[in-house]
Amino acid sequence: MIRILLAEDDTSMREYLSRALEKVGYAVTAVDCGTAALPLLETEHFDLLLTDIVMPEMDGIELAQRAARIAPDMRVMFITGFAAVALKGGITHPNAKVLSKPFHLRDLVLEVDRIFGVGNVAGGDL
C-alpha cells in the first residue's frame, strides 16, 4: 500500500484530505506541522510527502529539503494557496508537484495517482 505523510496545519483541511486519500486506498499519516513530520520520516517509510507550504514552526519547503536528505527517493507534492512562492527556481524539492488551492479533491487524487502511475481510482465519489 502506498503511504503518504500529510503535513497540513489547518485541522479541517488535514482531516478532509486524509479522508479523501484513504477513501481511494492510500495509507495516510497526518501531522499538523513540519516539526511533527521529521521524526516520522526518520523512523517510518513514506512514498509521498504531501505538504502545505505555509505552516508555523517549519514551512513545507524546508520540510521537503530536510526530507530529501532523510528519504531521497520519497516523492513530494506541495499544496498551497501561494503557488508563486513554490515556483521560484531552486527552492522546491527536485521534481516536486505543486497543487494550488483551492482545488477539487478529484484533482488531488488524480495527481497522486499520476505520481505513482496507478489507474484512475478517484471514481465519481469525490
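On a predicted model such as this, the values are computed, not experimentally measured, just so you know.

Quick look at the overall build of the protein now. Check the secondary structure of the protein and you find five helices and five strands. Among the 126 residues that make up the protein, the fraction classed as buried is 43%. Long-range contacts, defined as pairs at least 24 residues apart, comprise 58% of the intrachain contacts of the protein with a sequence gap of at least 6. Carbon and sulfur atoms make up 51% of the accessible area of the protein, which totals about 6400 Å².

What follows deals with the packing of helix 2 (residues 34-43) against helix 3 (residues 60-70). Interaxial distance between helix 2 and helix 3 falls to 10 Å at its minimum, and their mutual angle equals 10°. By the angle between their directions, the pair helix 2 and helix 3 is classed as roughly parallel. The residues of helix 3 that touch helix 2, namely those facing Gly 34, Ala 37, Leu 38, Leu 41 and Glu 42, are Leu 63, Arg 66, Ala 67 and Ile 70. The residue inventory of the contact of helix 2 with helix 3, partitioned by class, reads six nonpolar, one polar and two charged.

What follows concerns the pattern of salt bridges. A pair can form between side chains of opposite charge whenever their charged atoms are brought close. All told, the structure shown has three salt bridges when counted by the stated rule. The residue Glu 44 makes a salt bridge to Arg 3 at a minimum N-O spacing of 2.8 Å. With Glu 44 in the loop between helix 2 and strand 3 (48-52) and Arg 3 in strand 1 (residues 3-7), this pair connects stretches of sequence that are 41 residues apart. A residue is classified by how much of its surface remains accessible, and Glu 44, at 32% relative accessible area, is partly exposed.

Evaluation of the coordinates by the stated rule reveals zero aromatic pairs. Between Arg 3 and the ring centre of Phe 46, over which it is positioned, the NZ or CZ distance is 4.6 Å.

One can find Thr 80 in strand 4 (residues 75-80). Other than its neighbours up to four places away in sequence, Thr 80 contacts Asp 52, Ile 53, Val 98, Leu 99, Ser 100 and Lys 101.

Take helix 5 (residues 105-116) next. Across its 12 residues, helix 5 extends 17 Å between first and last C-alpha, which sits within 8% of the 16 Å expected from 1.5 Å per residue. Turning to helix 5, its buried residues are Leu 105, Leu 108, Val 109, Val 112, Asp 113, Ile 115 and Phe 116. Each buried residue of helix 5 sits inside an arc of 160° when the element is viewed along its axis, so together they form one side. Close packing links the buried residues of helix 5 with strand 1, helix 1 (11-23), strand 3, strand 4 and strand 5 (97-100). Positioned one or two residues after helix 5, Gly 117 has a phi angle of 65°, which is positive.

This paragraph deals with unusual backbone geometry. Of note, the phi angle at Glu 57 is positive, near 70°, even though the residue is not glycine. The residue Glu 57 is located in the loop between strand 3 and helix 3 in this model.

How each quantity is defined
- Residues numbered from 1 in each chain as written.
- Predicted model: local features only at pLDDT ≥ 70, side-chain atom pairs only at ≥ 80, totals over all residues.
- Heavy atoms only, no water.
- Helix = DSSP H or I, 4+ residues; strand = E, 2+ residues; numbered from the N terminus.
- Buried < 20%, exposed > 50% of the residue type's maximum accessible area, 1.4 Å probe, protein only.
- Contact = heavy atoms within 4.5 Å.
- Areas by Shrake-Rupley, 256 points an atom, 1.4 Å probe, with all protein chains shown as cover.
- Axes fitted to C-alpha atoms, helices over the stretch in contact; angles between N-to-C directions.
- Parallel < 35°, antiparallel > 145°, perpendicular 65-115°, else oblique.
- Nonpolar A, V, L, I, M, F, W, Y, C, P; charged D, E, K, R; others polar.
- Salt bridge = Lys/Arg side-chain N within 4 Å of Asp/Glu carboxyl O.
- Phe/Tyr/Trp six-rings, centres within 6.5 Å; stacked < 30°, edge-to-face > 60°.
- Lys NZ or Arg CZ within 6 Å of the ring centre and 35° of its normal.
- Expected span 1.5 Å × (residues − 1).
- Arc of directions from axis to C-beta.

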